Amino acid sequence: MLEVVNAMVEAHVDVVAFPLLSQGHIIPFMRLCELLSSRNLNVVFVTTPLNAKRLRSEQEDGSRVRLLEIPMPPVPGLPEGVESTERVPDRLGELFLQAMEETQPSLREILVRLRPTSIIVDFWPFYLPDLATELKIYTIFFPVIGAYSQCLMYSLFLTVPLLHYDGHLPPLVNLPGLPKPISMRDRDLLPPFREAIKGDPDSIKDIFTNGVRHFAQCNIVLVNTFYEMEAEMVDHLGSIFGKPVWSIGPLVPKITTSPSSESCSFSDSECLKWLNSREPESVIYINFGSQISLSAHQMQEVAAGLEASGQSFLWAMKKPNELEDIDEASFISSLPLDLQAFIERYSSAGDRSEYSGLLVFGWVPQSQILGHPAIGGHVSHCGWNSTLESIGQGVPILTWPFQHDHPFEAKLLVEELGVGEEIQREENESGVFVVKREEVERAARLIIRGEKGKEMRRRALQLKEGAEKATAEGGSSFKSLDRLALLISGQSN
């Protein structure tokens, strides 16, 4: 690392960026860095070796963003080689975040030696705003999620202590301090908020206090959205913390081929062959992101509902993170027999257009899939990257949130933007939310065949047009990035 840093010292560094080691954070951070680099800034992106390897495989020829590798600190109990949240089971999440905090010596050395004009920080690691303040580095806070979710989450954080009175969830929570009346149902209070209300309200204290400190210590806040879509909440976010808040998105991946040797190129894949055999806007794309996986029972319900709906589907299925070391064949053989038969039936359908569905394990080229004319809807966990990719392609969304910011993004899509339809979840005796096959069937038919689905698609296409205008030269996000580049350049003068 020292040799690389020494070489970088020779040229003035305008920007250092260090996001949470998670693809949902790395992707928009890298896109932002590329855009700043294209505006003649000298940008250094800090990450760990395995993430750097993946990023190098995706970088375009001529990219001027320089990757600087730091070691992943060893933490007892965290397996060696785990450098991204996608490979971390829920039970090891705290250990992974501990490892993030222990990168401080490496980051301190980098910042002391490079003396960058500015640094772009994420929610994690928690220490970074303090370090930037100590070293008098202009701090840019980029939390990667949308303004609507940030405002609702902040309001809910303030409300949690008031709700923790008897361990039960109220049927409706009115959120204070927002520009208009907004409430959340009990089913929308998902982890970590659910546990904080029903159990220990201090369980989210660190996230809350450190998040507020990030806002307080930064010089400016960037939001991965376009102003015209979330204007009210972008403005409100600035009023809460008294900081400039600029919308610079949507920052979504450029359409590329597979990022690694473990996946085939999209241009000759069975995905494309099969999609080309489908009618326009007839296929439901199902993908819950890189970290969410379904139980075997829940997969059975989705499979039965899809087949009963009669709609075409492309399902990107994944193993649970807990089964990372188990090969695909062993995982499939552990499933119920009816689910095994479903997987066998649809995982070999790429060259057989008579099949109404296609099932793919592992990585899929989501940007290309969502941009294909055959796609008519997206069943999504409502992670912000996936949400922006769908909006950017004019694809309506069937919302199925699981945790963190997901329920807030889902609420935005359904109630504010009109491009989403909620997949109804029911809480079972164990406190686990499940979706029944009949609900999957209903939602699938609605988004492809229903009048509401057509209206959602029309609105999604309007948002697509808005996103394209915002990121084009002269658009609101384009101009914000220009202003940001000038601002950073001015700090070094």
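Residues numbered from 1 in each chain as written. Predicted model: local features only at pLDDT ≥ 70, side-chain atom pairs only at ≥ 80, totals over all residues. Heavy atoms only, no water.

J.: In this structure, what is going on with the pattern of salt bridges? I would like to understand it.
T.: Between side chains of opposite charge, a pair can form as their charged atoms come close. Enumeration according to the criterion identifies 23 salt bridges in this entry. Between Arg-39 and Asp-482 there is a salt bridge, and its shortest N-O distance comes to 2.7 Å. One end of the pair, Arg-39, is in the loop between helix 2 (23–37) and strand 2 (43–47); the other, Asp-482, is in helix 20 (residues 476–491), with 443 residues separating them in the sequence. By relative accessible area, Arg-39 is classed as buried at 16%. Linking Lys-452 and Glu-421 is a salt bridge whose minimum nitrogen-to-oxygen distance equals 2.6 Å. Here Lys-452, found in helix 19 (residues 451–471), pairs with Glu-421, found in strand 15 (residues 420–422); they are 31 residues apart in sequence, far enough to count as distant. For Glu-421, a relative accessible area of 9% translates into the label buried. (Salt bridge = Lys/Arg side-chain N within 4 Å of Asp/Glu carboxyl O. Helix = DSSP H or I, 4+ residues; strand = E, 2+ residues; numbered from the N terminus. Buried < 20%, exposed > 50% of the residue type's maximum accessible area, 1.4 Å probe, protein only.)

J.: Explain the packing of helix 12 (residues 296–309) against helix 18 (residues 437–449) here, please?
T.: Two quantities define a packed helix pair, namely the angle between the axes and the distance from one axis to the other. Two elements in contact, helix 12 and helix 18, have axes whose closest approach is 7 Å; the angle formed by their N-to-C orientations is 45 degrees. In terms of orientation, helix 12 and helix 18 fall into the oblique class. For helix 12 against helix 18, the interelement crossing comes out right-handed. Seen from helix 12, the contacting residues are Gln-300, Glu-301, Val-302, Ala-304, Gly-305, Leu-306, Ala-308 and Ser-309; seen from helix 18, they are Arg-437, Val-440, Glu-441, Ala-444 and Arg-445. (Axes fitted to C-alpha atoms, helices over the stretch in contact; angles between N-to-C directions. Parallel < 35°, antiparallel > 145°, perpendicular 65-115°, else oblique. Left-handed = near helix turned anticlockwise from the far one by under 90°. Contact = heavy atoms within 4.5 Å.)

J.: Sorry if this is basic, but what is going on with the layout of surface pockets here?
T.: Gaps left between atoms are located by rolling a probe of water-molecule size over the structure's atoms. Counted as a void, the second largest pocket has a volume near 470 Å³. Every residue lining the second largest pocket is counted, 22 residues in all, and those nearest its centre are Arg-31, Pro-250, Val-252, Pro-253 and Thr-471. A per-element tally of the lining of the second largest pocket places helix 19 first, with 4 residues. (1 Å grid on protein atoms, 1.4 Å probe; cavity = no way out; pocket = protein on both sides within 12 Å on 5 of 7 lines; lining within 4 Å. Points joined across faces, edges and corners; volume = space filled by probe spheres on them.)

J.: Explain empty space enclosed by the protein to me, please; I cannot follow it from the model alone.
T.: Under the definition given, this model contains 1 cavity of 30 Å³ or more. The volume enclosed by the largest cavity comes to roughly 80 Å³. Around the largest cavity, the lining residues are Ile-284, Ile-286, Val-302, Leu-306, Val-379, Leu-398, Trp-400, Ile-423, Val-440, Ala-443 and Ala-444. Tallying contributions element by element places helix 18 first for the lining of the largest cavity, with 3 residues. In terms of residue class, the lining of the largest cavity is made up of 11 nonpolar, no polar and no charged. (Nonpolar A, V, L, I, M, F, W, Y, C, P; charged D, E, K, R; others polar.)

J.: So what exactly am I meant to see when it comes to the confidence of the model for the protein chain here?
T.: Atomic detail in the predicted coordinates should be set aside for any region of low pLDDT. With 90% of its residues at a pLDDT of at least 70, the protein chain reaches an overall mean of 89. Contacts for the low-pLDDT stretch residues 256–268, under 50 throughout, to residues beyond four places or in other chains number 21 contacts. (pLDDT = per-residue confidence, 0-100.)

J.: Looking at this structure, how should I read the packing of aromatic side chains?
T.: Where two aromatic rings form a pair, the distance of their centres and the angle of their planes describe that pair. By the definition in use, this model includes 17 aromatic pairs. Ring centres of Phe-29 and Phe-142 lie 5.2 Å apart, and the angle between their planes is 40 degrees; this geometry places the pair in the tilted category. Of this pair, Phe-29 sits in helix 2 while Phe-142 is found in the loop between strand 5 (138–141) and helix 7 (147–163), placing the two residues 113 residues apart along the sequence. Ring centres 4.0 Å apart and planes at 5 degrees place the aromatic pair Phe-215 and Phe-241 in the stacked group. Placement of Phe-215 in helix 9 (residues 205–217) and of Phe-241 in helix 10 (residues 227–241) is noted, with a sequence separation of 26 residues between them. (Phe/Tyr/Trp six-rings, centres within 6.5 Å; stacked < 30°, edge-to-face > 60°.)

J.: I keep staring at unusual backbone geometry and nothing clicks. Help me out?
T.: Excluding glycine, residues mostly have negative phi values, and the peptide bonds linking residues are mostly trans. In the segment running from Trp-124 into Pro-125, the intervening peptide bond is cis, with an omega of -5 degrees. When you line up the elements, Pro-125 lands in the loop between strand 4 (118–121) and helix 6 (128–134). Following Gly-249, the chain continues into Pro-250 via a peptide bond in cis, with omega recorded as 5 degrees. Tracing the chain through its elements places Pro-250 in the loop between strand 9 (245–247) and helix 11 (270–276). Unlike most non-glycine residues, Val-144 shows phi in positive territory, near 70 degrees. The topology assignment puts Val-144 in the loop between strand 5 and helix 7.

J.: What is the right way to look at the pairing of strand 12 (residues 357–361) in this model?
T.: In regular strands, side chains alternate between the two faces of the sheet. Across the 5 residues that make up strand 12, a large majority, 5, are buried. Across the two faces of strand 12 the burial is the same, with Gly-357, Leu-359 and Phe-361 and Leu-358 and Val-360 all buried.

J.: Sorry, what's going on with the pairing of strand 11 (residues 312–317) here?
T.: Within strand 11, 6 of the 6 residues are buried, leaving the element largely enclosed by the surrounding structure. Neither face of strand 11 is left uncovered, since the one carrying Ser-312, Leu-314 and Ala-316 and the one carrying Phe-313, Trp-315 and Met-317 both have all their residues buried. Pairing analysis gives 4 bridges linking strand 10 (residues 283–287) to strand 11, with the strands arranged parallel. Bridging from a neighbouring strand, Ile-284 pairs with Phe-313 of strand 11. For the segment spanning strand 10, helix 12 and strand 11, crossover handedness is right-handed. (Pairing = 2+ DSSP bridges. Right-handed = clockwise from strand over helix to strand, strands pointing away.)

J.: So what exactly am I meant to see when it comes to the sheet that holds strand 1 (residues 15–18) here?
T.: Sheet strands associate in pairs through backbone hydrogen bonding, adopting either a parallel or an antiparallel arrangement. Judged by pairing direction, the sheet is parallel, and its 7 strands sit side by side in the order 3-2-1-4-5-8-9 without closing on themselves. Strands at the two margins of the open sheet, each flanked by one partner only, are strand 3 (66–69) and strand 9. Looking at each pair of strands side by side, their axes are set apart by 25 degrees on average, direction ignored. Against the sheet, helix 5 (residues 104–114) engages strand 1, strand 2, strand 3 and strand 4, with an angle of about 170 degrees to strand 1.

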